[in-house]
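In case you want the letters, here they are:
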Amino acid sequence: MEHKTCFHCGLDSQSNSITFDDKIFCCNGCKTVYEIFSINDLNCYYDLQEAPGATPKEIEGKYDFLDTKKIIEKLLDFNDNNTQIVTLYIPHIHCSSCIWILENLNKLQAEIGASVVNFGNKTVRITFNSENYTLKSLVTMLSSIGYEPYISLEDFETGKKQIDRSLIYKLGVAGFAFGNVMFLSFPEYFQVEGFWLEQYKPVFRWLMFTFSLPVVLYSAQDYFISAYKGLRSKILNIDVPIVLGVLVLFIRSTAEIIFDLGTGFFDSLTGLIFFLLVGKFFQKKTYAFLSFERDYKSYFPIGITRITSEGIEESVQVYDIKKGDRLIIRNEELIPVDCILIKGHARIDYSFVTGESEAVSKQSGDKLFAGGKQLDGIIEIDVLKSVEQSYLTQLWSNDVFKTDKENAFTSLTNSISKHFTIAILLIAFIATSFWLMTDSTKALNVFTAVLIIACPCAIALSAPFTFGNLLRILGKKKFYLKNAVVIEQLAKIDTMIFDKTGTITANKETTISYDGTVLNENEERLLKNTLRGSNHPLSRTLYNLLNKNDIITLDHYQEHIGEGIEANYKTEHIKVGSAQFVGYKAEISNLNTTVHISTNADYKGKFTFYNAYRKGLSTLFNSLKTDYDLAILSGDNAGEKENLTKLLPGKTKLLFNQKPEDKLEYIKYHQSEGAKVLMVGDGLNDAGALAQSDVGIAISENVNVFSPACDAILDASKFNQLYSYIKASKSAIKIIKWSFVLSFLYNVVGLYFAVTGQLAPVIAAILMPLSSISIVVFTTIATNYIGRHLE
Amino acid sequence: MSVIYVLLAISIIIAVAFFIAFVFAVKKGQYDDSYTPSVRMLFEDELVKENSNKQIITNKD
């Protein structure tokens, strides 16, 4: 068969294709987008990238909340007279075509002025004329061309974000001063004696002093603050010897030029801070389009439809929902509060909250919990609790979410720094007392020289460059880490805990097995055609699995919600659904999801749905079992227990029916026994466990959709590589240790000059950049070597 | 003799001018997004084609 894919979105368009303009489309939605673009002469969209689009989704009524003035005001960046500016987050932005089409929106809509895409953040900033165009029509228009913006409760709360650019400024100031000071101190490096140089020396020196002032006072600010904080909590962190070095450098240099003793070390001083800031900048690789801090707010909608007592539908802000309100939840909408179902068929997908993979059907009068997603048409609900008091949102009031993991962790650099600082101070004092006895004029000189040369620039640089580089390498392999500290913590892990649904199982895949009497050809055709009419997810999965059959028109078809379907074709009658529904009595209790079949009141058999586990699961667990304690915590029932015991190594602990709090407590318990726990999860139900663990990794089938707050996000396709990534982080620690050795060697050489009292500025000026640069080169080459060995 | 002062003054003024330019560039957000501009500059050719006609059909959708 010829392979056909949609011209617009690139999806398989084998089953029902639409041909338009000699191009194949998978659905009408895609075709419409193509039409819009071709009418407006925007066909370049398809030239830049093959099949760049997304199918527009049904959004009827979804953005009604954008009629509310209060909400609009919160979302807009700028609003004056007729000009409004808004920044929208669009998850679909992924290629150059996206940038192109979004920056040419004014071709589609005359009211839109400029639109600027930030590819890294996946945002577009749109300026439009609000005279006869609204934010709602803009969002609707974007959705209609497949670029649906994501607007959540989080946008409402944070409002306008301030971008922190202080590091760039500090780096700029330090670089500027470093360059100029180097340039000014050049004549004195060569110690040219002569009248000319002697005459201008003071000018050069005071200029250098002026240049170094903003570096010490502004660029080095963070180091002073961090060292002060460290000392106050009685910790000798790496910033303490750095600050010591900086202060001594500055004071001694200033004293030297005041008393005309020498040039001072302003070149080394500015260079040191510049290199340190470069390291900081390099380490600060962030994945702006991923958020590691998400809580329920990024999942929740901003507005929801409320029915007033007069029966009028109005849009209301989620925080304004009060107990007793009547709300409308549309298809695919999230229920924001605990409530009671009043009207309509509720089929709620709680996978966000509980990890349970199956959607549950509810009757009117049943209680519904916040976080569930309605899958089947419109329902009406009565509110029981406000947003903050709902069951799901209460999880976030747990203390785990308030503690900062990064601060509680003593990094390798800081633990070395403690011994380092003490050793340096010892050497300084011993050398000084030696010189006090032999030649007291040199004593002060030696004391300061030791502190200057020992300033741990190279040590402070080795971790940022190693981690920064590994962070980038892992990012390319689709393993996105929140920050560099995660690599260190990852290397220390000894216990691994996995969630089941969505983590070790693939979300979209199930394996189905049939047992019972074999169906004949007619029955199979009838079954296939019966399933064709149903929208139930189990029917869809089963339908896709069965062989192709002719399409026949059924004489009678009826779907019984929550029970099954029955259909008639000529003389044949078929029932598909639960055991009770088809009239099968023998079934006692089966924890697995099953679909039973009977034809002409004759029981045939059942299809059992098993979770499909991710590729390489067994191999991964077997390679992990020697070094790590393994456990699986599942929110699901124990239906898969047998299957899992077969797949996984014997010592893996399996725990089922775990509530979010149970998972959190389980991890807490193991931590109290000294274990370093890695949690791998996917849903909101794991959020507590991910926050409690030492390293929380969220597995995601599509990194653009949302994953709960965590330390790292791993693309699901790379799940089987988890072990090699952990090994890579262990090697990174080894690299850092080696670069420590290297920088100690430099320090020994430098200390020789310092202790013997012959440290000239030029030696410091050579040794300091040399050690820093060689450390950077060493760590970069070494991490790239590790990176090349990763899959 | 005092030409050295003139030279120093010039060199520092130039350096400071560049530094101010840098500060302005950061302030205006030029360092916020380092990827998109590299793609955007390749679009020029397609845009020229756009300017030709078709203003009337625009409001159709």
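About the thresholds
Residues numbered from 1 in each chain as written. Chains lettered and ligands numbered in written order. Predicted model: local features only at pLDDT ≥ 70, side-chain atom pairs only at ≥ 80, totals over all residues. Helix = DSSP H or I, 4+ residues; strand = E, 2+ residues; numbered from the N terminus. Buried ≥ 20, exposed ≤ 12 C-beta atoms within 10 Å, placed from the backbone. Contact = placed C-beta atoms within 7 Å. Expected span 1.5 Å × (residues − 1). Nonpolar A, V, L, I, M, F, W, Y, C, P; charged D, E, K, R; others polar. Pairing = 2+ DSSP bridges. Core = buried A, V, L, I, M, F, W, Y, C linked by C-beta atoms within 7 Å. Domains from an automatic or database assignment. Axes fitted to C-alpha atoms, helices over the stretch in contact; angles between N-to-C directions. pLDDT = per-residue confidence, 0-100. Parallel < 35°, antiparallel > 145°, perpendicular 65-115°, else oblique. Left-handed = near helix turned anticlockwise from the far one by under 90°.

**Description of the overall build of chain A**
1) Next: Per the secondary structure count, chain A includes 27 helices and 28 strands.
2) Next: Across the 791 residues that make up chain A, the buried fraction comes to 41%.
3) Next: Across chain A, the fraction of contacts at a sequence separation of at least 24, relative to all contacts at a separation of at least 6, is 66%.

**Notes on helix H10 (residues 239-258) of chain A**
For an α-helix the count is 3.6 residues per turn, leaving residues at separations of three or four pointing the same way.
1) Next: Between its first and last C-alpha atoms H10(A) spans 28 Å; for 20 residues at 1.5 Å apiece the expected length is 28 Å, and the two agree.
2) Next: A:Asp260, located one to two residues past H10(A), shows a positive phi value of around 55 degrees.

**Focus: the interface of chain B and chain A**
1) Next: In this assembly, 22 residues from chain B lie in contact with 23 residues from chain A.
2) Next: Among the secondary structure elements, those contributing two or more residues to the side of chain B that touches chain A are helix H1 (3-27), helix H2 (36-40) and helix H3 (44-50) of chain B.
3) Next: A total of six residues in the side of chain B that touches chain A trace back to one element, the largest contributor, which is H1(B).
4) Next: Partitioned by chemical class, the residues of the side of chain B that touches chain A number eleven nonpolar, three polar and eight charged.

**Focus on the environment of A:Ile99**
1) Next: In this fold, A:Ile99 is placed in helix H4 (residues 96-103).
2) Next: A:Ile99 gets classed as buried once you count the C-beta atoms within 10 Å, which come to 23.
3) Next: Counting along the chain gives 25 residues from A:Ile99 to A:Val124, while the straight-line C-alpha distance between them is 8.8 Å.
4) Next: Every residue in contact with A:Ile99, bar those within four places of it in the chain, is listed here: A:Val117, A:Phe119, B:Thr36, B:Val39 and B:Arg40.

**Here's the deal with the pairing of strand S10 (residues 339-343) of chain A**
1) Next: Note: S10(A) against strand S13 (residues 367-368) of chain A, two bridges, orientation antiparallel. The residue bridging A:Ile340 from the neighbouring strand is A:Lys367, located in S13(A).

**Description of the environment of A:Lys418**
1) Next: Turning to its location among the elements, A:Lys418 is positioned in helix H14 (residues 412-438).
2) Next: C-alpha separation for the pair A:Lys418 and A:Ile72, spaced 346 residues apart in sequence, amounts to 53 Å.

**What about unusual backbone geometry?**
1) Next: We note that A:Lys234 has phi near 60 degrees; this positive angle belongs to a residue other than glycine.
2) Next: Locating A:Lys234 in the fold gives a position in the loop between helix H9 (221-232) and H10.

**So, the sheet that holds strand S11 (residues 346-349) of chain A**
All names here are of chain A.
1) Next: One open sheet accounts for three strands, arranged S12-S11-S14; its pairing is antiparallel. One side of each edge strand has no neighbouring strand; the edge strands of this open sheet are strand S12 (360-362) and strand S14 (373-374).
2) Next: Examined bridge by bridge, S11 and S14 share two bridges and lie antiparallel to one another. Its bridge partner lying in S14, Ile-348 is registered against Gln-374.

**Details of the nonpolar core**
Residues and elements named next belong to chain A.
1) Next: Grouped together as the largest cluster of nonpolar side chains are 120 residues, with contacts concentrated most on Val-246, Ile-273, Val-450 and Ala-712.
2) Next: Residue-level mapping places this core at the junction of two domains, with at least three residues from each of domain 3 (166-286 + 413-466 + 731-788) and domain 5 (478-506 + 614-729).
3) Next: Each residue touching Val-246, except ones within four places of it in the same chain, is listed here: Val-216, Ala-220, Tyr-223, Leu-269 and Ile-273.

**Here we look at the domain arrangement of chain A**
1) Next: Structurally, chain A comprises domain 1 (1-55), domain 2 (64-158), domain 3 (166-286 + 413-466 + 731-788), domain 4 (301-335 + 337-389), domain 5 (478-506 + 614-729) and domain 6 (507-613).
2) Next: The C-alpha centroid of domain 5 of chain A is placed 39 Å from the C-alpha centroid of domain 1 of chain A.

**A short note on the pairing of S11(A)**
Residue and element names in this part refer to chain A.
1) Next: With burial as the criterion, each face of S11 is covered, one bearing Ala-346 and Ile-348 and the other bearing Arg-347 and Asp-349.
2) Next: With three bridges joining them, S11 and S12 adopt antiparallel strand pairing. When the bridges of S12 are listed, Arg-347 appears paired with Ser-361.

**Focus on the sheet that holds strand S28 (residues 712-715) of chain A**
Residue and element names in this part refer to chain A.
1) Next: Spatially, S16-S28-S27-S26-S17-S24-S25 is the arrangement adopted by the seven strands of the open sheet, whose pairing is mixed. For this open sheet the edge positions go to strand S16 (479-481) and strand S25 (653-655), each flanked by a neighbour on one side alone. With strand direction ignored, the average angle separating the axes of adjacent strands in the sheet is 20 degrees.
2) Next: Where strand S17 (residues 495-499) and strand S24 (residues 629-633) come together, five bridges link them in parallel fashion. By the bridge assignment for S24, Phe-498 is matched with Ile-632.

**Details of the confidence of the model for chain B**
All names here are of chain B.
1) Next: Overall, the prediction assigns chain B a mean pLDDT of 73, with 69% of residues at 70 or greater.
2) Next: At the level of individual helices and strands, chain B shows its lowest average pLDDT in H3, which scores 52, and its highest in H1, which scores 90.
3) Next: Scored below 50 in pLDDT, residues 48-61 makes 14 contacts in the model with residues more than four places away or belonging to other chains.
4) Next: Model confidence for the complex: the whole-complex pTM is 0.77, and ipTM, which rates the interface, is 0.77.

**Section: the environment of B:Ile14**
Residues and elements named next belong to chain B.
1) Next: Here Ile-14 lies in helix H1.
2) Next: For Ile-14, a count of 10 C-beta atoms within 10 Å puts it in the exposed group.
3) Next: Here the alpha-carbon distance between Ile-14 and Ser-34, two residues 20 residues apart in the chain, equals 26 Å.

**Brief notes about helix H11 (residues 266-283) of chain A**
1) Next: Here H11(A) contains 18 residues, and its C-alpha end-to-end distance of 26 Å stays within 8% of the 26 Å for a straight helix at 1.5 Å per residue.
2) Next: Most of H11(A) is tucked away: 13 of the 18 residues are buried.

**A short note on the packing of helix H15 (residues 440-453) of chain A against helix H26 (residues 722-755) of chain A**
Residue and element names in this part refer to chain A.
1) Next: Here H15 crosses H26 at 165 degrees, and the two axes come no closer than 8 Å. In terms of axis orientation, H15 runs roughly antiparallel to H26. When the axes of H15 and H26 are compared, the crossing they make is right-handed. Across the interface between the two elements, Val-446, Ala-449, Val-450 and Ile-453 from H15 touch Gly-750, Leu-751, Phe-753, Ala-754 and Val-755 from H26.
2) Next: Broken down by class, the residue content of the contact of H15 with H26 amounts to eight nonpolar, one polar and no charged.

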